[in-house]
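Structural overview
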Amino acid sequence: MAEAKRTPRKQPKQQRSRAMVEVILEAAARILVEAGDSLFNTNAVAARAGVSVGSLYQYFPSKEALISELSLRHADAMNHALRGITGDFSGAPLPILIRKLIDIMCAAHAVEPELHMALLRHAHRNIQDGPTAGEIDGQQLVLGLLQQRHGEVTVMDMEEAAFLVSTMVHETIHATVLHRPSMLQSDDFGDALAKMVLAYLTPSQPATQSPLVIGVKTHRMRQARTGR
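So, on to helix H3 (residues 42-49). By the burial criterion, the buried members of H3 are Thr 42, Val 45, Ala 46 and Ala 49. Down the axis of H3, the sector holding all buried residues measures 100°, keeping them to one side. Capping the start of H3 is the job of one residue whose side-chain oxygen sits 3.1 Å from the backbone nitrogen of Asn 43: Asn 41. Two residues or fewer past H3, Gly 50 is found with a positive phi of approximately 75°.

Structure representation (structure tokens):
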């Protein structure tokens, strides 16, 4: 029953219905950002969206379903961007790949940061029983990227590595959104996070020649040779 309350009741099929759902979700996002959990409920969202509560309930049976849909859209947008790494950086060394992954995740969280902060605060107060579908999808994307670089990764258990890398990056960025959002725009932040990930994935590299430094130098040399 609890799971049903978090799940949208049905998907809109007609253009008019899809437009109404978008208006409802926009109203939900604005109330969540402006008022927080205390004033966030289906009545308030319906009033802000200019629709009846009955119309809202056709698609969202509860406020949890509204928040779940907003969170899912965020995860889908980020995972869509991550899928592009496979083609755009297929020949890049592991350090470049990891740095790009972090850049994409930082950029995704920098869009509507106030909404992300509100969603995170709600999530922290309402701990889920397990990973969301978006989190599982993200871990599978990271797993595929690591498997493509199995010759560069020294960790033996790729599934465990994908879980730890996804969690390390995601939770670090989440904490940064909540407590130091300005850091998301800093190259130093991305470099530091990439070094942490690479220190786990390739621990045999000497400290004086970090894989991030080696990878960046190698990538730049290739660009100079090819003129790209």
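We now examine the environment of Tyr 200. Here Tyr 200 shows up in helix H10 (residues 187-201). With residues near it in sequence (within four places) discarded, Tyr 200 still touches Val 155, Glu 160, Ala 161, Leu 164 and Val 165.

This paragraph deals with empty space enclosed by the protein. Where empty space is left becomes clear once a probe the size of a water molecule has been rolled over the atoms. Under the criterion given, the structure shown has 1 cavity of 30 Å³ or more. For the largest cavity, the calculated volume is near 40 Å³. For the lining of the largest cavity, the secondary structure elements donating two or more residues are helix H6 (94-110) and helix H8 (133-148). Split by residue class, the lining of the largest cavity holds 6 nonpolar, no polar and no charged.

The next subject is H6. Each α-helix winds once per 3.6 residues, and so residues spaced three or four apart point in a common direction. Its 17 residues give H6 an end-to-end C-alpha distance of 24 Å, which sits within 8% of 24 Å, the value for a rise of 1.5 Å per residue. Extensive coverage of H6 is indicated by the burial of 13 of its 17 residues. One or two steps after H6, the chain reaches Glu 112, where phi turns positive at roughly 50°.

Cut-offs applied
The numbering scheme is per chain: residues are counted from 1 as the chain's sequence reads. Totals for whole chains, interfaces and linings use all residues, but because this is a predicted model, local features are given only for residues with pLDDT of at least 70 and pairs of side-chain atoms are given and counted only at 80 or more. Hydrogens are left out, water is left out, and the side-chain values use all remaining heavy atoms of the structure. Exposure is judged per residue with a 1.4 Å probe applied to protein chains only, and the accessible area is read against the type maximum: over 50% gives exposed, under 20% gives buried, and values in between give partly exposed. Helix and strand assignments follow DSSP, with helices taken as H or I runs no shorter than four residues and strands as E runs no shorter than two, numbered in order from the N terminus. Here, the arc refers to the directions that run from the helix axis to the C-beta atoms. Polar contacts, as counted here, are pairs of nitrogen or oxygen atoms within 3.5 Å of one another; within protein the pair requires one atom able to donate a hydrogen and one able to accept it, and residues that are adjacent in sequence qualify only if both atoms are side-chain atoms. Only heavy atoms matter for contacts: two residues are in contact if any of them lie within 4.5 Å across the pair. Within this scheme a cavity is a closed region of a 1 Å grid, computed over the protein atoms alone, that accommodates a 1.4 Å probe without allowing it to escape, whereas a pocket is open but has protein on both sides within 12 Å along at least five of seven lines; lining residues each have an atom within 4 Å of a point. Grid points are joined across faces, edges and corners, and a volume is the space filled by probe spheres set on the points. Classes in brief: Ala, Val, Leu, Ile, Met, Phe, Trp, Tyr, Cys and Pro nonpolar; Asp, Glu, Lys and Arg charged; the others, Gly included, polar. By this rule, a helix spans an expected 1.5 Å times one less than how many residues it contains.

Note that all results are geometric; they support no functional claim without further evidence.
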